[in-house]
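Residues per chain are reported as follows:
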Amino acid sequence: MILFLSSCTRQVQLERDEYRLNSFEFKGNKQISTEELELLIPPTQKPNRRILYFTPYVWFYNLGKSFYNEDKILERFKKWNARLQATPTTANFDLRVEKKRKKYQSKAQSFQDRLDTRENWWMKNVGEPPAKITESAIKGTTEKINKYLFRKGYFDNKVNYQIDSATTNYSTKNANRRIKVSYLVNEQNAYKIDHINYEIEDLKVDTLTRKSLTESFIKVNENVDFNKIELEKSRIEILLKDNGYYNFIAKNYILAEIDTINVKRKYLVDVKIKVANPPQKEQHEQFFLESVHFVSADASTEATIDTTESSLNGIKYTFIGKRFPVKLLDKKILIRPNQLFKASLVNETNRQLYGLDQFAFANVRFTQLPNNKLRADIIAPTNPKYTAAYNFDVNNINNILGGGASVSLRARNLLSVLETTELGLRANLEGQPGLDSTVQRSRELGANLAINFPKIIFISRFANLLSLKNPRTQLAISFNNSKQRLFERQVFRLTGNYSWQRSKYETILISPFDINLINTPYKDSSFNAVLNLNQNLRVLFDPQFVSSINSTYIFNNQIQGKNIRARYLRLFLESGGTTLNFLPDKNRINFIDKVFPLDTNKRAYFRFIKINVDFRKYFPLNKRDAIAYRLNVGVAHPYGNNKAMPFEKNFFIGGPNSIRAWRPRSIGPGSAQGSTIGRNFAQQPGDILLEGSLEYRKYMFRFIGNWNAGFFVDAGNVWKWYQISTKYDQANFDWTRFYKEIAVGTGAGIRLDLDYFVARFDWGVKVFDPARPTGERFVLDNLKLGRSNDYYPVFHFAIGYPF
């Protein structure tokens, strides 16, 4: 196909001074990296992307060009522009009208852009135009590199270029003449800062600035960097705007001077930062807030709009349509009358109000008044009272194509305490292996109801301390029913959760109660026979009451869509059956047995402690490629008569987000065979978890989205805390042999990144199988492509990265 596409590529028509750009390179740069210099090359001066030797994207571009229709595009532009012009302008903010206006504006702008560039959607998003370049453009880029190096402190730098022909015929008559451009870079010596002087005419501004010099972006003995000087100007502006200087703008009042006297001798310079006063004034003006007015408008109100007003702590509230509790809003609004203007409090007020999920946005508008006063109007249009969301997904588990669907309904402020109420329904189908080699579908149905409060409830003193930390309280109830041929399982759950942000990157979650009532109303006779042979396993499928308290700490400094150096840490602590420790009978709760009586089996109660640490780190190799690794360790200690963990609280390993050379939850425990309920049964629980992954992520090309390759190595296993009689010295954790029971897999995958989600296709192969006898556990040489073989590559389809 590549040969066909390349043979069909049109001959590129070139003007007299144009050339086809085959490649470019940098030579001579020693201080500035090539990756940094490549960022200076405009996209229009980069060669076409290639697959092997060919440029299929140029063919796609030409294909799109063949059905470019200017008349049709102009007709569509006129249609959407007419709708935009016909959109009414309302006195009050109307969310529905503004959504329509935004849609029409986006459509009209899209078709206007196609007219201006003479490119349709296919040409812009699928193909790419032939890389053409002129010598004048190369000269312009050379000057751009020269200026960039100068701004980095290399004042004496020299940049030239060299054009080499990539074809034997370099005449202007050759329509496909190709060139290679070499940028010859000589940075010379970098100039460093010897002294930094601040000359500030306003004494108050001078005092504020000098107190904050430890936070300055420019330092003595560092290279001169004009970008850092601009950052220093912005820092001073932010500092002053946070101290009442509402009208202070850096570009109007701050000037940076570089003294280059004697620089030829020592390559040292003096930097002077001058802050001037406003014209004809002796100082900058500080502003105070005269009044604060909060206005919310209900965009969904169609009939006569009721307007209500109230005030609290000097703030006037006006509600057009929906009304909100002013006492709760007062805690989210940080600006007050007679307060010194502070930009940070304004930004935090916007953030706090938007985080309530009651308003489409929040914006503070200021009106300047006489005597250095400001009037603040907080404009906050409301979100719709009811919203619905739908989600569909596809999975491939145990070679059975399945999927799921969910729908959720959100209602806002039903209880008039700024809360949100969510009702969710979901259904899933996926593959599950049976006792023999057969595989069948399992069905899962679920429903949940949750109420989210924007504060910590029941603990008022604690709530006041966390009022600005994005606090949340969630009370939730859910029911889940899963059914397959072997058994049917029902879970009724009641939870209460507190959460808040300790800092920008840190989140803390505490669940004071997590109550689960579990029942297995149906068991297949063959499955029952297997359970009768293993009492430890039977406990997991008997009626259960599981209660726990838990807490989670999360640190995550990743930025969505950014390839940066980052890390992720999740620490989870859980204590199960804690209440039982304070009861005379530590093996049952009489109240539960009376309210939910059983006809047959005795209900199982559990006591356990569980700890899980999940650490991940990401290392960018360049703008698009990265190495990431993960270490996931967990220990669960069951105590009491059962000496077993509830099934849902166990650790499992294997699958698309774990060790990808095995099916989901199919590894372990230890070196024991998975014969507890058949060789192919996927659910292999453990009390101790040790898991690690290393992955290299490589950008390949862009077509519709970004296509990336992944190469990975996964390792780990789970073990039981106690001995199992049928798997003696196999399933339990033992320091003398655990390292011999680490399962290892490797493989590769392809990822399609569409910005809003990532579709992942991974193939894993087994390297070390701990279920094999000692001396036979290296199984990479057993790799075969036939599915009848136990060691054929395992395929996983998933959404998102594995970690």
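Residues numbered from 1 in each chain as written. Predicted model: local features only at pLDDT ≥ 70, side-chain atom pairs only at ≥ 80, totals over all residues. Heavy atoms only, no water.

**Focus: empty space enclosed by the protein**
Going by this rule: In this analysis a 1.4 Å probe is tested at points of a 1 Å grid over the protein atoms alone, and where it fits but cannot get out there is a cavity; an open set with protein on both sides within 12 Å along at least five of seven lines is a pocket; lining residues have an atom within 4 Å of a point. Grid points are joined across faces, edges and corners, and a volume is the space filled by probe spheres set on the points. In DSSP terms, a helix is any run of H or I states spanning at least four residues, a strand is any run of E spanning at least two, and both are numbered starting from the N terminus. In this classification, Asp, Glu, Lys and Arg are treated as charged, Ala, Val, Leu, Ile, Met, Phe, Trp, Tyr, Cys and Pro as nonpolar, and every other residue, Gly included, as polar.
This structure, assessed with the given rule, holds one cavity of 30 Å³ or more. Per element, the largest residue contribution to the lining of the largest cavity is three residues, and it comes from strand β1 (residues 18–27). Partitioned by chemical class, the residues of the lining of the largest cavity number two nonpolar, three polar and three charged.

**A look at the packing of helix α8 (residues 203–211) against helix α9 (residues 226–241)**
In plain terms, the rule: Lines are fitted to the C-alpha atoms to define the axes, a helix being fitted only along its stretch in contact, and any angle between axes, read from their N-to-C directions, falls within 0 to 180 degrees. Take the far helix as the reference: if the near one is turned anticlockwise from it by less than a right angle, the crossing is left-handed, and if turned clockwise, right-handed. Here, two residues are considered to be in contact whenever any of their heavy atoms come within 4.5 Å of each other.
Packing of α8 against α9 leaves a shortest axis separation of 10 Å and a crossing angle of 115 degrees. α8 and α9 meet at a crossing whose hand is right-handed. The residues of α9 that touch α8, namely those facing Val205, Leu208 and Thr209, are Ile236, Leu239 and Leu240.

**With respect to the confidence of the model for the protein**
Formally: Scored from 0 to 100, pLDDT reflects the predictor's confidence in each residue.
In the predicted model, the protein carries a mean pLDDT of 86, and 89% of its residues have values of at least 70. Between residues 5–9, whose pLDDT stays under 50, and residues either more than four places distant or in other chains, the model counts eight contacts. Under a pLDDT of 50 for its full length, residues 675–679 has, in the predicted model, 16 contacts with residues more than four places off or in other chains.

**Focus on helix α15 (residues 525–532)**
Our working rule: Working definition: with a 1.4 Å probe on protein chains only, accessible area under 20% of the residue-type maximum means buried, over 50% means exposed, and in between means partly exposed. Taking the helix axis as origin, the arc is that swept by the directions to the C-beta atoms.
Looking at α15, one finds that the buried residues are Phe527, Val530 and Leu531. Buried residues in α15, looked at end-on, bunch into an arc of 100 degrees, giving them a common side.

**Thoughts on the sheet that holds strand β5 (residues 192–200)**
Stated formally: Any two strands are treated as partners once DSSP identifies two or more bridges connecting them.
With respect to topology, three strands assemble into an open sheet ordered β5-β7-β6, the strand pairing being mixed. Both outer strands of the open sheet, β5 and β6 (254–259), are each paired with one neighbouring strand and no more. Neighbour-to-neighbour, the strand axes of this sheet turn through a mean angle of 20 degrees, independent of strand direction. Contacts from α8 reach β5 and β7 (268–275) within the one sheet, and its direction differs from that of β5 by about 150 degrees. In the packing of α9 onto the sheet, the strands contacted are β5, β6 and β7, and the crossing angle to β6 comes to about 145 degrees.

**Concerning a nonpolar patch on the surface**
Basically, it comes down to this: Patches draw on residues past 30% relative accessible area with no salt bridge. Two like charges within 9 Å are joined, as are two nonpolar side chains (Val, Leu, Ile, Met, Phe, Trp, Tyr) within 5 Å. Residue exposure ignores everything except the shown protein chains as possible cover, and the areas themselves are Shrake-Rupley values with a 1.4 Å probe. Any Lys or Arg side-chain nitrogen found within 4 Å of a carboxyl oxygen on Asp or Glu counts as a salt bridge.
A surface patch of nonpolar side chains, amounting to about 930 Å² of accessible area, comprises Tyr386, Leu409, Leu414, Leu415, Leu423, Leu449, Ile477, Phe479, Phe492, Leu494 and Phe513. Elements that contribute at least two residues to the nonpolar patch include exactly β17 (472–483) and β18 (487–501). Looking at the secondary structure, you find tyrosine 386 in strand β13 (residues 386–397).

**Concerning the packing of aromatic side chains**
For clarity, the cut-off: Stacked, edge-to-face and tilted are the three classes for Phe, Tyr and Trp ring pairs, Trp counted by its six-membered ring, which pair at centre distances within 6.5 Å; planes under 30 degrees apart are stacked, over 60 edge-to-face, the rest tilted. Criterion for a charge above a ring: Arg CZ or Lys NZ at most 6 Å from the ring centre, at most 35 degrees from the ring normal.
Evaluated as defined, the whole model comprises 34 aromatic pairs. Between phenylalanine 60 and tryptophan 122, the ring centres sit 6.2 Å apart and the planes meet at 70 degrees, which makes this aromatic pair edge-to-face. Here tryptophan 122 lies in helix α6 (residues 121–125) and phenylalanine 60 lies in helix α3 (residues 56–66), a separation of 62 residues in the sequence. Exposure remark for phenylalanine 60: the relative accessible area of 16% places this residue in the buried category. A residue is classified by how much of its surface remains accessible, and tryptophan 122, at 26% relative accessible area, is partly exposed. Both rings, one in phenylalanine 545 and one in tyrosine 605, keep their centres 5.7 Å apart while their planes meet at 50 degrees; by these two values the pair is tilted. Pair noted here: phenylalanine 545 is in strand β20 (residues 544–556) and tyrosine 605 is in strand β22 (residues 604–605), with a separation of 60 residues, a long-range link. Tyrosine 605 shares its class with phenylalanine 545; the two are buried. Ring pairing ties together the aromatic residues Phe150, Phe155, Tyr191, Phe226 and Tyr267, which thus form one cluster. In this arrangement the basic side chain of lysine 766 is found over the ring face of tryptophan 662, its NZ or CZ atom lying 5.1 Å from the centre.

**So, a positive patch on the surface**
Note the cut-off: Two residue types count as positive, namely Lys and Arg, and two as negative, namely Asp and Glu; His and chain ends fall outside the count. Each charge is placed at NZ for Lys, CZ for Arg, CG for Asp and CD for Glu.
Together, Lys72, Arg76, Lys79, Arg83, Lys100, Lys103 and Lys107 line one region of the surface with positive charge. Mapped onto the positive patch, the elements with two or more residues apiece are α4 (70–86) and α5 (95–117). Element by element, the count of residues in the positive patch is highest for α4, at four residues. In this fold, lysine 103 is placed in helix α5.

**Describing unusual backbone geometry**
Cis rather than trans, the peptide bond between glycine 668 and proline 669 has omega equal to -5 degrees. Look at asparagine 221: it is not a glycine, yet its phi comes out positive at around 75 degrees. Mapped onto the fold, asparagine 221 is located in the loop between α8 and α9. For asparagine 221, a relative accessible area of 55% corresponds to the exposed category. With a phi angle near 60 degrees, glutamine 280 is a residue other than glycine that sits in the positive phi range.

**Considering the pattern of salt bridges**
Evaluation of the coordinates by the stated rule reveals 41 salt bridges. Of the charged contacts in the structure, one is a salt bridge between arginine 118 and glutamate 70, with a shortest N-O distance of 3.1 Å. Remark: glutamate 70 occurs in helix α4 and arginine 118 occurs in the loop between α5 and α6; sequence separation between them is 48 residues. Assessed through its relative accessible area of 48%, arginine 118 is described here as partly exposed. On the accessibility criterion, glutamate 70 (38% relative accessible area) is partly exposed. In this structure, glutamate 232 and arginine 235 form a salt bridge, with 2.9 Å as the shortest nitrogen-oxygen distance. A residue pair is termed a helical-turn pair when its members lie 3 or 4 positions apart in one helix, as glutamate 232 and arginine 235 do in helix α9 at three residues. You can call glutamate 232 buried: its relative accessible area is 0%. The buried category is assigned to arginine 235, whose relative accessible area is 10%.

**Side note on the sheet that holds strand β3 (residues 158–165)**
Ordered by their spatial adjacency, four strands build an open sheet running β2-β1-β4-β3, and the pairing between neighbours is mixed. Each of the sheet's edge strands pairs with one partner strand only, and the pair in question is β2 (132–134) and β3. Looking at each pair of strands side by side, their axes are set apart by 45 degrees on average, direction ignored. Note that β1 and β2 share three bridges and pair antiparallel. Within β2, the position partnered with tyrosine 19 by the bridge is isoleucine 133.

**What about the layout of surface pockets?**
Reported here for the second largest pocket is a volume of approximately 1,200 Å³. Along the wall of the second largest pocket there are 27 residues; nearest its centre are Lys46, Pro47, Arg49, Arg624 and Tyr699. The greatest single-element share of the lining of the second largest pocket, amounting to five residues, is contributed by strand β25 (residues 688–703). Along the lines of polarity and charge, the residues of the lining of the second largest pocket split into ten nonpolar, four polar and 13 charged.

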